[in-house]
Amino acid sequence: MMNDEPVNPPASDPAEPRRPRRGRAQAVAVEMTQESPPATTGSGRDNGATPAPIDPPPAALEWDDTAPARRSAEQLFEVEIDIRQQSEQQSGPQAALGNFAAGVVRLIGENLQRMTNEQIERVTSMLQGVDLRDYLDPDFWKGIGMVLRYQIDEQINFIQRRQRGEYTTDPFGMDREIIEVARPFLSFMYHTWWRVKASGLEHVPAEGRALLVANHSGVLPWDGAMIATAVFNEHPAQNERIVRSLHLHWFTSLPVIAPTLAALGQVPGIPENAIRLLERDELVCVFPEGLKGVGKLFKDRYKLARFGRGGFVQAALRTQAPIVPVAVVGAEEIYPMLANAEGIAKLLGFPYFPLTPFFPWFGLLGVIPLPTRWSITFCPPIDTSAYGPDAADDPITVLALSEQVRETIQATINQKLAERTSVF
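Remember, predicted model here, so these are calculated numbers, not experimental data.

Notes on the pairing of strand E2 (residues 210-214)
(1) Moving on: With five of five residues buried, E2 lies mostly within the body of the structure.
(2) Moving on: Of the two faces of E2, the one carrying Ala210, Leu212 and Ala214 and the one carrying Leu211 and Val213 are both buried.
(3) Moving on: Here four bridges tie E2 to strand E5 (residues 283-286), and the two strands are oriented parallel to one another. Residue pairing for E5: Leu211 is matched across the bridge by Val284.
(4) Moving on: As defined by bridge partners, E2 adjoins strand E6 (residues 323-329) across four bridges and the pair is classed as parallel. When the sheet's bridge partners are listed, Val213 is paired in E6 with Pro325.

With respect to the sheet that holds strand E9 (residues 375-378)
Picture the strands of a sheet paired through backbone hydrogen bonds; they go either parallel or antiparallel.
(1) Moving on: Strand order in the open sheet made by the seven strands is E1-E9-E6-E2-E5-E3-E4, with mixed pairing throughout. Two strands bound the open sheet, and with one partner strand each, they are strand E1 (197-199) and strand E4 (267-268).
(2) Moving on: One ladder, built from three bridges, connects strand E3 (residues 243-247) with E5; its direction is parallel. Residue Val243 lies in a different strand from E5, and its bridge partner there is Leu283.
(3) Moving on: Sheet strands touched by helix H12 (residues 395-419): E1, E2, E6 and E9. Its angle to E6, the strand with the most contacts, is close to 30°.

A word on the pairing of E9
(1) Moving on: Burial along E9 is two-sided: the face carrying Ser375 and Thr377 and the face carrying Ile376 and Phe378 are both buried.
(2) Moving on: Across three bridges, the pairing between E1 and E9 is parallel. Residue pairing in the sheet places Lys197 in a bridge with Ser375 of E9.
(3) Moving on: Note that E6 and E9 share four bridges and pair antiparallel. For Val329, the partnering residue across the bridge sits in E9 and is Ser375.

Criteria and thresholds
Residues numbered from 1 in each chain as written. Predicted model: local features only at pLDDT ≥ 70, side-chain atom pairs only at ≥ 80, totals over all residues. Heavy atoms only, no water. Buried < 20%, exposed > 50% of the residue type's maximum accessible area, 1.4 Å probe, protein only. Helix = DSSP H or I, 4+ residues; strand = E, 2+ residues; numbered from the N terminus. Pairing = 2+ DSSP bridges. Contact = heavy atoms within 4.5 Å. Axes fitted to C-alpha atoms, helices over the stretch in contact; angles between N-to-C directions.

Shape descriptors only; they carry no functional weight alone.
Written out as structure tokens, the structure reads:
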């Protein structure tokens, strides 16, 4: 069931912010009832301080049909700010735990924004009596764990309902509802797990076509997901553009992975798909290193592999799309690949089978990426309009532009590595 809906989302309505507006940090103990705001708060670690009343929402603010979700989410975002302020006054493990707790609270709040009133009431009942400011209290993590489990179950039910075919996609299989389901989790990985710092986003066009060219690493394609999250969440235009990453064609042979990637907006990495997307004025992200990059051994980290035959340059020239080099630092260490078990890979039909300090020795736990600290740098764009579409057939021009992009990315990576003080 497919329809040819526009792929690029419209700009946000100024009257309707993308996420609930955050006011000043409030000290809240969470009782997110729909009838009235929480009345008091307190923490077992506030040295006996008298709980302070909580300000109700401004009288002039009129809630629409999504009022319970928006009000509850806004309260949780206020809690997140409060926890972060507490963690800034701590050091060592307590500070790290506070930052993680704030990220989890934010994740729950973002999930609430798309939940029904009945689901919100269920979450409310689970958090009754839990002081979300006191992240050092075991009851905090017990309540948070129950809510996360419930939200995951609801996401699974959502996917199961969609298996009945009640949805629409674009011509490439992208499903906006699935993207909205995945977005809170990707934001959590971006802000809390990897603490990504993005720079140069002003070089990414706010509208129209562009080709993002990035280095590839990390065994699994987390780098593409984080590049897309950076553009969606932090672009100065705040118009929530979707980045369409081109992935290895091998993934299309996997029964579960292939439709999931398509629903999230990713497309098989062939030149024809890049050209079609660019002609639709999309943001397209490619990884010219391909398999050589994502399956790179740890000893070869941050050394760019060859960029192939320059198919990405040809796509940019034919569509007159600017090329934006992107340098990702931090993804090389999330799965330190010590060796490639080629025999097992051939047996399973995989392009590679990574052996890391944790996988496959710890089973599924070994799939959890390490919480390294990332930086993503969007470099100044390379204008292709001066060459003309016919330049795509000139191998010298294609090779020169390909090397220019590769050298730009490598130089930026080297600079960021020199500035980095710690992997974590």
